[in-house]
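So you can see what is in the structure, the chains are spelled out below.
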Amino acid sequence: MSTAAYQGIEGAYSDVLLRAHFGARSEPVETMGLPTFRDVALALLAGRARYGVLPLENTIAGTFREGYDLVAQYDLQPVREVIFRMDHRLLAVPGATLAGLRRIEAHPIVLEECGKFLATLPAARAVPAIDTGMAARDVAEAKDPTVAAIAPPQAGERYGLSELAATIADHPDNYTRFLLVEAVRPEQRTPPGSASRRTSVLFSTAHEHGLLARCLAALAGAGINLSKLESRPKPGRTWEYMFYADFEGDVAEPRVQAALDEVRRACTELRVLGSYDVDAPEDKRAPLPPRPTASTPPPPLSLPPGAKNWPKAARPSKPAGTQIRVGGAVVGGGEFVIIAGPCSVESRAQVLATAEAVRARGAVMLRGGAFKPRTNPYAFQGLGWEGVDLLAEAGRATGLPTVSEVMSVDQVERMARSVDVLQIGARNMQNFDLLKAVGRVLRPVMLKRGLSATLDELLAAAEYILSEGNPEVMLCERGIRTFETATRNTLDLSAVPVLRERTHLPILVDPSHGVGVRRWIRPLARAAKAVGADGIIVEVHPNPEEAICDGPQALRADEFAEYAANVERAAEIAGKVFTHA
Ligand code: PEP
Ligand code: MN
């Protein structure tokens, strides 16, 4: 069994986090509490523990400098970031009352996170403790009803304390980002080029005009998304500044290396702390790994027919399947996801109303076209970048990641900065330059099947994207041209099991464009679920009669809840049929 070291004693947040983290992964780990964060680093170097956990930042209190500094000083290797919800409780011995409290103990950062609540108890003095576990233990041992500790509920249980108050942080969404580290370089779990890796660096610049901007421009120029930038004066080097920066991407990627080379030229010192897996907060994460279902066939042993043209897309190259994390959802992770939103973004009110309606009932992503491929050159062509901005705004307002179509190579970089998933429309499935361009950005791509494309051609198109280094491609069956005219297209649901066998990439179904008629979308969405798709993408409008584009196939926003529930039930029914067959 491996050992994981943390600062504090049993019941401290890091201890609770380590148990939850490794418990969820079924990796047996023994936790080891130590007096300081430095002791954690030293325990790793001495081989007394395999893992160590260090806090990096908190959503209320900001950066924990020591976490970054220890990783740099002892050359620790980051493995994964773990985002943990800080569930602060005010704990005291049974019989204590809020009014009777005279002293409240907690880790200084925890006191900072609960500043507003503490201000409501002027008679109680806030006293910093070494860690939350110790604060709880001391309160229990003192048996004094005038003292309380702020600690996680697990500490209350461990030390027999009662809860006087809950949800006491300044904001209910209170998360701390921890870094799991090892002393030796861990084996990389996710391939470079994946958006699910993050890199932390420290760099210094001389106090000269434009140097920081040059460093940032180097990252921006490579399409690298910065998630943290913090400056502080460099101790002992007056007027030199040091910056902590985190960004999406892996140092093994050529584009990241090239950008860092440029940063190196503009700064006096650059330390790459390492690249690591990123994680959604434990309480917001879609379940992993995938639930095996009867509709997920075992991977075939030999290469599928035609696979010489698409070796990277072929299932044997990744037998476990590709899982694409977008926001809190995982596409291809065994859950059935619903992506919903208007065909095109028409106005702020329209996209916001739609976003709210679909988020309320379980959609995990918001779609919305801003550049529209229209058959008629005189028809509405989309709002362009204004539409992209409105979509991004609606995404931020609802917390939904966004999907939008890119129609040309010159739109790719800017679109990748504004939306979470790039859509390649059916009409562009064989626009090879566009496929290559989306292969070079760190954004998942939803590739729609061309109107008259075979599955072999769809997989070869996906291969263009994969071969440029972007491993995050989801395929989308959206109906093909046949002799049938009763439906807008013919939704080829047989594509799902065939693709499932041939490729490891997630498979979505778009019943809206597949049939083009609102009332037939629901049965086909249910069928998509039953046939084993990883999710659906559907068009939704607050007022379909007034939609500028694709109104007849838009689901009504106020009826979306009912549609979603219906599809969900189909899942259960389908599950029964399959398991008893
Ligand atoms: C769309 O999703 O709005 C769209 C234009 O889709 P497709 O490329 O499948 O026609
Ligand atoms: Mn449409």
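Preceding this section is the structure that the text describes.
Residues numbered from 1 in each chain as written. Chains lettered and ligands numbered in written order. Predicted model: local features only at pLDDT ≥ 70, side-chain atom pairs only at ≥ 80, totals over all residues. Heavy atoms only, no water.

K.L.:
I'd like a description of the site of ligand 1, backed by residues and values.
P.N.:
Neighbouring ligand 1 are 13 residues, the closest being Arg367, Lys372, Ala426, Arg427 and Arg478. Interatomic distance of 2.6 Å between a side-chain N/O atom of Arg478 and an oxygen atom of ligand 1. In this structure, an oxygen atom belonging to ligand 1 sits 3.3 Å away from a side-chain N or O atom of Glu539. When ligand 1 is considered free in solution it has 300 Å² of accessible area, and contact with the protein chains removes 97% of it. Grouping the amino acids of the shell around ligand 1 by side-chain chemistry returns three nonpolar, three polar and seven charged. (Near = heavy atom within 4 Å. Polar contact = N/O pair within 3.5 Å; in protein donor to acceptor, adjacent residues only side chain to side chain. Areas by Shrake-Rupley, 256 points an atom, 1.4 Å probe, with all protein chains shown as cover. Nonpolar A, V, L, I, M, F, W, Y, C, P; charged D, E, K, R; others polar.)

K.L.:
Lay out helix H15 (residues 495-502) in plain terms, naming residues and giving numbers.
P.N.:
Among the residues making up H15, those that are buried are Ala495, Val496, Leu499 and Arg500. Around the axis of H15, the buried residues are gathered within 125° of arc, so they sit on the same side. For H15, the elements touching its buried residues are helix H14 (455-467), strand S23 (473-477) and strand S24 (507-509). (Buried < 20%, exposed > 50% of the residue type's maximum accessible area, 1.4 Å probe, protein only. Helix = DSSP H or I, 4+ residues; strand = E, 2+ residues; numbered from the N terminus. Arc of directions from axis to C-beta. Contact = heavy atoms within 4.5 Å.)

K.L.:
Report on the pattern of salt bridges, specifying residues and quantitative values.
P.N.:
Tallied over the entire structure, the rule returns 31 salt bridges. When the shortest N-O distance is used, the salt bridge between Arg19 and Asp15 registers 3.0 Å. Placement of the pair is Arg19 and Asp15 together in helix H1 (residues 13-24), with a separation of four residues, close to one helical turn. Residue Arg443 is joined to Glu248 by a salt bridge in which the shortest nitrogen-to-oxygen separation is 3.9 Å. Residue Arg443 is located in the loop between helix H13 (432-439) and strand S22 (445-448), and its partner Glu248 is located in strand S14 (residues 241-248); the two are separated by 195 residues in the primary sequence. For Arg443, a relative accessible area of 10% corresponds to the buried category. Residues participating in the shared-partner salt-bridge network are Glu57, Glu81, Arg177, Arg198, Lys228, Glu230 and Asp246. (Salt bridge = Lys/Arg side-chain N within 4 Å of Asp/Glu carboxyl O.)

K.L.:
Quick one: what's the story with the coordination of the manganese ion (ligand 2), residue by residue and with numbers?
P.N.:
At 2.1 to 2.4 Å from the manganese ion (ligand 2) lie its protein donor atoms, namely Cys343 (SG), His513 (NE2), Glu539 (OE) and Asp550 (OD). Relative accessible area serves as the criterion here: at 18%, Asp550 is assigned to the buried category. (Donors = N, O, S within 2.8 Å, 3.2 Å for Na, K, Ca; no water.)

K.L.:
How would you explain the nonpolar core if you had to name every residue and give the values?
P.N.:
Judged by nonpolar contacts, the single largest core of 67 residues is most densely connected at Leu422, Leu447, Leu475, Val538 and Phe560. Top element by residues in this core is H14. It accounts for seven residues. Other than its neighbours up to four places away in sequence, Val538 contacts Ile338, Ile339, Ala340, Gly341, Arg367, Pro511, Ser512, Ile521, Leu555 and Phe560. Tyr13, Ala92, Ile104 and Leu121 belong to the second largest nonpolar core, which has 34 residues in total. (Core = buried A, V, L, I, M, F, W, Y, C linked by side-chain atoms within 4.5 Å.)

Such coordinate-based values are descriptive only and should not be taken to indicate function.
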